[in-house]
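Single-letter residue listing:
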Amino acid sequence: MSGCPFWENKYQFNFNKLSLSDQEDKSQEGQNKANKGGLIYGDYLQLDKILNAQELQSEKKGNKIHDEHLFIVTHQAYELWFKQILWELDSVRVIFQNGHVRDERNMLKVVARMHRIAMILKLLVEQFSVLETMTALDFFDFRDYLSPASGFQSLQFRLLENKIGVPQSLRVPYNRRHYRDNFKGKENELLLKSEQELTLLQLVEAWLERTPGLEPEGFNFWGKFEMNVLKGMEEEFAMVQQQQWKSLQQPAGPSGATALAAQAKEDSEEKEDQMAELKKQKEVLISLFDEKLHEHLLSKGERRLSYKAMKGALMIYFYREEPRFQIPFQLLTSLMDIDVLMTKWRYNHVCMVHRMIGSKAGTGGSSGYQYLRSTVSDRYKVFVDLFNLSTYLVPRHWIPKLNPTVHKFLYTAEYCDSSYFSSDDSD
C-alpha cells in the first residue's frame, strides 16, 4: 500500500468546514459595558497621575535632553516595584507576628509571597540592562541637573533593608554620618519606626526556634546529631590509620626494598595530608556544638540567627524530604534567593554607576562608586547563616534516623503542640 494513509474517504477531512464565511462570527458577541459608565481602565490605574509624573529637569532649564525621560521612567518603575515588595513583606510579617504561621496552612501563603518578592527582585536586577542602553555621555548631558538628588535618598529601599533585617550596626556610614540623617520629617520618622519593629529575620528566627524535634526530652535531634558526628569522625580517622597499616604490611624482596621505602614515604605523606584534612573537618564540625563560640560570633555580627534557630534551620535542611519540612525548606530557599538577588542588585548598581560616572562623587555628595562598592558584602546579607549551613554537610548515614513515632508526626502533622497550631484565621 502506498500513498497518503488518509486518502481513503473514512480518513478524509473537509477543510472547507474551517472557513469562517459560512459560520456565525461569535468573536463580536460581547457587550461594551464601558459605554454605560462606571469605572474605566485609566481611572482605576490613575494613569493621568502616573503618565504625567515625568518632569524633565533639563527641559525646565531650557535644554531638553532625550535620555532623561528614560532615566526617570526606569527609577519610577523601580519605586513602584519596591512598593509592591514592601506590600508583600509587610503581609508576611503580619502572619508571623499574629501567630498565624503556627497554622501549617498559612505557610504556603508565606512561601508564595516570598517567592513573589524574589521574582520581582529578579526583574529589578534585569532592569539595569534597559538603563544601560544609555551611554555615559548621554547621562553626562543631564546629570548636573539632578544634584543634590541621589538614589541613596530612596525611602522605600531603606525601609526594605530595615524590614528584612539589615543590622543597623553593620551599615556602612554615609559620609561618616548615620544613614537616617539624610531623611527629614515624616520620612525620618518612618525609618526610625521601621528600625524598632520586628524584622523578618527576627520573626523567622523565632519560628525556627520552635522546630519540632529539637526538644531534648523528645526526639533530641541535636544530641543525637552530635553523637553521630563524633562517632563518624572517629571512624574516618580509624579508616585512614588502617589503610596506612595495611600498606606497611606488604611484603617485599631484597630488590624491592628501595621501592617499598619510597612507597612507604609517599603513603606516609598522603596519610599526613588526609589526617590534616580530617582534623580541619573535625574542628569545623565540632565548632557547631560550641554554643559559646556561636554567641561570640553573634556579638561580632558574624552570625545573625540565635543558636537554637540555627539548630532548627539545620534540622530542616537535613530532613527537607520529609513532608513536614518540605514547605519550611522552600521558605529558607526563598530567603536565600532574596539575599542573592539583593546582592546582585547592589552589584549591578555599582557596575552601572562605575560605568556612568567613573570615580566621580555622587550627585548627593557621596564618594559615588567607592561608597556603593563598600555595600556589596556579607554585612548586608541578612540570612547569611542559611548559606553557611552547607559548611556542616555530613554523610547521610550520620543524620539521626527518625523513629516511627517522630516520622509519623512529621508525615501527618498530628502532633498537638500549641506552638505550631492556631485556630485563628490568617489575613
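So, how was this worked out
- As a convention, each chain's residues are numbered from 1 in the sequence order in which they are written.
- This being a predicted model, a pLDDT of at least 70 is required before a residue's local features are given, and a value of 80 or more before pairs of side-chain atoms are given or counted; all residues contribute to the totals for chains, interfaces and linings.
- Side-chain calculation: all heavy atoms of the structure are included, whereas hydrogens and water are not.
- Residues enter a nonpolar core if they are buried and are Ala, Val, Leu, Ile, Met, Phe, Trp, Tyr or Cys, with the set joined through side-chain atoms within 4.5 Å.
- Buried residues are those whose accessible area, probed at 1.4 Å on protein chains only, stays under 20% of the maximum for their type, while exposed residues exceed 50% and partly exposed ones sit between those limits.
- Strands here are runs of E lasting at least two residues and helices are runs of H or I lasting at least four, both read from the DSSP assignment and numbered beginning at the N terminus.
- Contacts between residues were defined by any pair of non-hydrogen atoms, one from each residue, lying within 4.5 Å.
- The rule for a salt bridge is simple: a side-chain nitrogen of Lys or Arg has to be within 4 Å of a carboxyl oxygen of Asp or Glu.
- The pLDDT value tells you how sure the predictor is about a given residue, anywhere from 0 up to 100.
- What counts as a ring pair is set by centres within 6.5 Å for rings of Phe, Tyr and Trp (its six-membered ring), and what kind of pair is set by the plane angle: stacked under 30 degrees, edge-to-face over 60, tilted for all other angles.
- Look at NZ for Lys and CZ for Arg. If either is within 6 Å of the ring centre and within 35 degrees of the ring normal, a charge sits over the ring.

## Considerations on the nonpolar core
Formed by 97 residues in total, the largest nonpolar core has its most connected members in F96, W207 and F225. Sort the elements by how many residues they give to this core and helix α14 (residues 323-357) lands first, with 14 residues. Sequence-distant contacts of F225, defined by excluding residues within four places in its chain, comprise L288, F289, L314, F318, V394, W398 and P400.

## Structural notes on the pattern of salt bridges
Considering all chains together, one arrives at 15 salt bridges under this definition. Across the pair R93 and D90 runs a salt bridge, and its minimum N-O distance is 2.8 Å. Within this pair, R93 and its partner D90 are both found in helix α4 (residues 68-97), separated by three residues, close to a single helical turn. Classification of D90 by relative accessible area gives partly exposed; the value is 26%. In this structure, D378 and K381 form a salt bridge, with 3.5 Å as the shortest nitrogen-oxygen distance.

## A look at the confidence of the model for the protein
The predicted model of the protein has a mean per-residue pLDDT of 85, with 82% of residues at 70 or higher. Mean pLDDT across the elements of the protein ranges from a minimum in helix α17 (residues 404-412), with 65, to a maximum in α4, with 97.

## Side note on the packing of aromatic side chains
Enumeration over the complete set of coordinates arrives at 24 aromatic pairs. Seen from their ring centres, Y78 and W345 are 6.0 Å apart, and the 90° between their planes marks the pair as edge-to-face. Of this pair, Y78 sits in helix α4 while W345 sits in helix α14, and the two are 267 residues apart along the sequence. Here the two residues Y78 and W345 agree in accessibility, since each one is buried. Members of the aromatic cluster, each reached through a chain of ring pairs, are F219, F221, W222, F225, F289, Y307, F318, Y319 and F325. It is R171 that lies over the ring of Y179; its NZ or CZ is 4.0 Å from the centre. The ring of F387 carries the charged tip of K381 above its face, separated from the ring centre by 4.6 Å.

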